[in-house]
Amino acid sequence: MTDIAETIGINKAKRESQFALMWRRFRQHKLALVSLWIILAFYLVALLAELLAPFDPAQYNPRYTYAPPQGIQFFSTNEDGSWSFGPYVNGYKSEIDPKAMRRTFVIDNETKIPVEFFVPSKPYMLAGIIPMSVKLFGVTEPRAPLYVLGADRLGRDLLSRLIHGTRISLSIGLAGVTLSLFFGIIIGGFSGYYGGWFDSAVMRVIEFIRSMPTIPLWLGLAAALPKDWSALQTYFAITLILSLIGWTELARVVRGRFLSLRTEDFVTAAQLDGASDWRIITRHMVPSFMSHIIAAATLAVPGMILAETALSFLGLGLQAPIVSWGTLLQDAQNIRTLASAPWLLVPGLCVVIVILSLNFFGDGLRDAADPHGR
């Protein structure tokens, strides 16, 4: 019976596609599976940023500069001692610090500000497509404070800015890797397929780019951007810069695979059948190791996100009014500010969580795509 079950299992595995086999093996990597759900949650937040953010990221209130996080309480105690569901946040009390002689905020546990779901708001376009005029949660009183993660130096809601910054930082990673995939597969593919002088020239270019210090190269290219460019132009320019630098590693991987595949029987059969070089590359050779390309691209996304964060943190990447994790961390450069407002480091925590999740996810994909792995 055991032999029959093993035979049935082998026949079932033979009928599965390559991606089905990858998914079955990927699900055995528990840490990578959890990381996948974390990544999907962050990208869902980025997609629904306008709905999830209670305020506009540029909206400010100087009355609540560096206001501490309030935190949402979901249950309240009734007079008879029972519990009832009713989300609320505590208000603030303003005090004067006797040492620094400046105004500080403390949470007032006696004041409760109700928090409601699906509250009316100004009209906006969800993801730039769907017209809406409601927020997921908020307060009905226009002047009531709602700073779940605290406020920055201008009294802007950190949670709203963090949610909108998630869209920018994660989209740069995807856009940058997409362009890197295009350059890496095309250049590396033709280099490995044709070989000769073209392969030598491409490899010398790759070696030259990889021999240059990364951070000074980023800084030089970012500083060369015209100062009068709009925020959108700067966004695309930074994405293009990161892609022009990040394609080299993938091109080397693709080149090595093409060098080993161009002598395989299925490539020779396609050539004898009269298939063009473009068809052989795109329809036969690239799909044969697409799983490895997906894994490599997943591992390249963290580098793109870190690069954008570093450039924006140093003031040479994205600038206001664009909100990204890097621009949010600019407020955390001052030690004195961090001592009084440590919640400004929350964007850095998001960077760490996303980078670790993407790395674990990429490791799981790489193990699942390995034909010699168990």
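To start, this report covers the structure provided alongside it. (Residues numbered from 1 in each chain as written. Predicted model: local features only at pLDDT ≥ 70, side-chain atom pairs only at ≥ 80, totals over all residues. Heavy atoms only, no water.)

**Observations concerning the overall build of the chain**
Helix and strand counts for the chain stand at 14 helices and five strands. When the 374 residues of the chain are sorted by exposure, 40% land in the buried category. For the chain, the proportion of contacts with a sequence separation of at least 24, taken over those separated by at least 6, is 67%. Approximately 20,900 Å² of the chain is accessible, and the part contributed by carbon and sulfur atoms is 64%. (Helix = DSSP H or I, 4+ residues; strand = E, 2+ residues; numbered from the N terminus. Buried < 20%, exposed > 50% of the residue type's maximum accessible area, 1.4 Å probe, protein only. Contact = heavy atoms within 4.5 Å. Areas by Shrake-Rupley, 256 points an atom, 1.4 Å probe, with all protein chains shown as cover.)

**With respect to the packing of helix α5 (residues 158-194) against helix α14 (residues 346-369)**
As a packed pair, α5 and α14 sit with axes 11 Å apart at the nearest point and diverge in direction by 35°. Note that α5 runs across α14; the crossing there is right-handed. Along the contact surface, α5 presents L158, L162 and L170, while α14 presents V346, P347, C350 and V354. In the contact of α5 with α14, the residues fall into seven nonpolar, no polar and no charged. (Axes fitted to C-alpha atoms, helices over the stretch in contact; angles between N-to-C directions. Left-handed = near helix turned anticlockwise from the far one by under 90°. Nonpolar A, V, L, I, M, F, W, Y, C, P; charged D, E, K, R; others polar.)

**Examining the pattern of salt bridges**
For the coordinates displayed, the defined rule picks out five salt bridges. Close ionic contact of R167 with E50 constitutes a salt bridge, the shortest N to O distance being 2.5 Å. Here R167 is found in helix α5, whereas its partner E50 is found in helix α4 (residues 49-52), with 117 residues between them in sequence. R167 sits in the partly exposed class, given a relative accessible area of 23%. Between R255 and D199 there is a salt bridge, with the nearest N and O atoms lying 2.5 Å from each other. Here D199 lies in helix α6 (residues 196-211) and R255 lies in helix α8 (residues 231-261), a separation of 56 residues in the sequence. Sharing partners across several salt bridges, the network here consists of D152, R156 and R161. (Salt bridge = Lys/Arg side-chain N within 4 Å of Asp/Glu carboxyl O.)

**Thoughts on the packing of aromatic side chains**
Applying the stated criterion across every chain, the model contains eight aromatic pairs. Where F42 meets W325, the ring centres are 6.2 Å apart and the plane angle is 85°; that geometry is what we call edge-to-face. Of the two residues, F42 sits in helix α3 (residues 30-47) while W325 sits in helix α12 (residues 325-329), which places them 283 residues apart along the sequence. Taken as a pair, F42 and W325 share a single burial class, namely buried. (Phe/Tyr/Trp six-rings, centres within 6.5 Å; stacked < 30°, edge-to-face > 60°.)

**Focus: the environment of G364**
In this structure, G364 sits in helix α14. Residues G364 and H29, 335 residues apart in the sequence, show an inter-C-alpha distance of 6.1 Å. Leaving out residues up to four positions away in the same chain, G364 has contacts with F26, H29 and A32.

**Quick look at the pairing of strand β4 (residues 116-126)**
In this structure, β4 lies alongside strand β5 (residues 130-138), joined through seven bridges in antiparallel fashion. Bridged to F117 within β5 is F137. (Pairing = 2+ DSSP bridges.)

**So, a nonpolar patch on the surface**
Residues F74, F75, W83, F85, F117 and F118 make up a contiguous nonpolar surface patch of roughly 750 Å² in combined accessible area. For the nonpolar patch, the elements supplying multiple residues, two or more each, are β1 (73-77), β2 (83-97) and β4. Mapped onto the fold, F74 is located in strand β1. (Patch = residues over 30% accessible without salt bridge, like charges linked within 9 Å, V, L, I, M, F, W, Y side chains within 5 Å.)

**Considerations on the environment of P123**
Mapped onto the secondary structure, P123 falls in strand β4. For P123, a relative accessible area of 73% gives the class exposed. For the pair P123 and S133, spaced 10 residues apart in the sequence, the C-alpha separation amounts to 4.2 Å. Apart from residues no more than four positions distant in its own chain, P123 is found in contact with M132 and S133.

**What to know about the environment of A53**
Its location among the elements puts A53 in the loop between α4 and β1. The exposure class assigned to A53 is buried, which follows from its relative accessible area of 0%. Between the alpha carbons of A53 and R161 there is a distance of 7.8 Å; along the sequence they are 108 residues apart. The contacts of A53, once residues within four sequence positions are left out, are K135, S160, I163 and H164.

**Considerations on the side chain of S180**
In this structure, S180 sits in helix α5. Not counting the four nearest positions on each side in its chain, S180 is found in contact with L242, S243, G246, W247, L250 and M304.

**A few points about unusual backbone geometry**
Positive phi, normally seen in glycine, also occurs at Y66, with a value near 55°. Secondary-structure assignment places Y66 in the loop between α4 and β1. Positive phi, close to 55°, is recorded for F118, a residue that is not glycine.

**Description of the side chain of S324**
Along the chain, the position of S324 falls in the loop between α11 (290-313) and α12. According to the relative accessible area criterion, S324 is buried, its value standing at 0%. Other than its neighbours up to four places away in sequence, S324 contacts G165, I168, S169, E308, S312 and L318.

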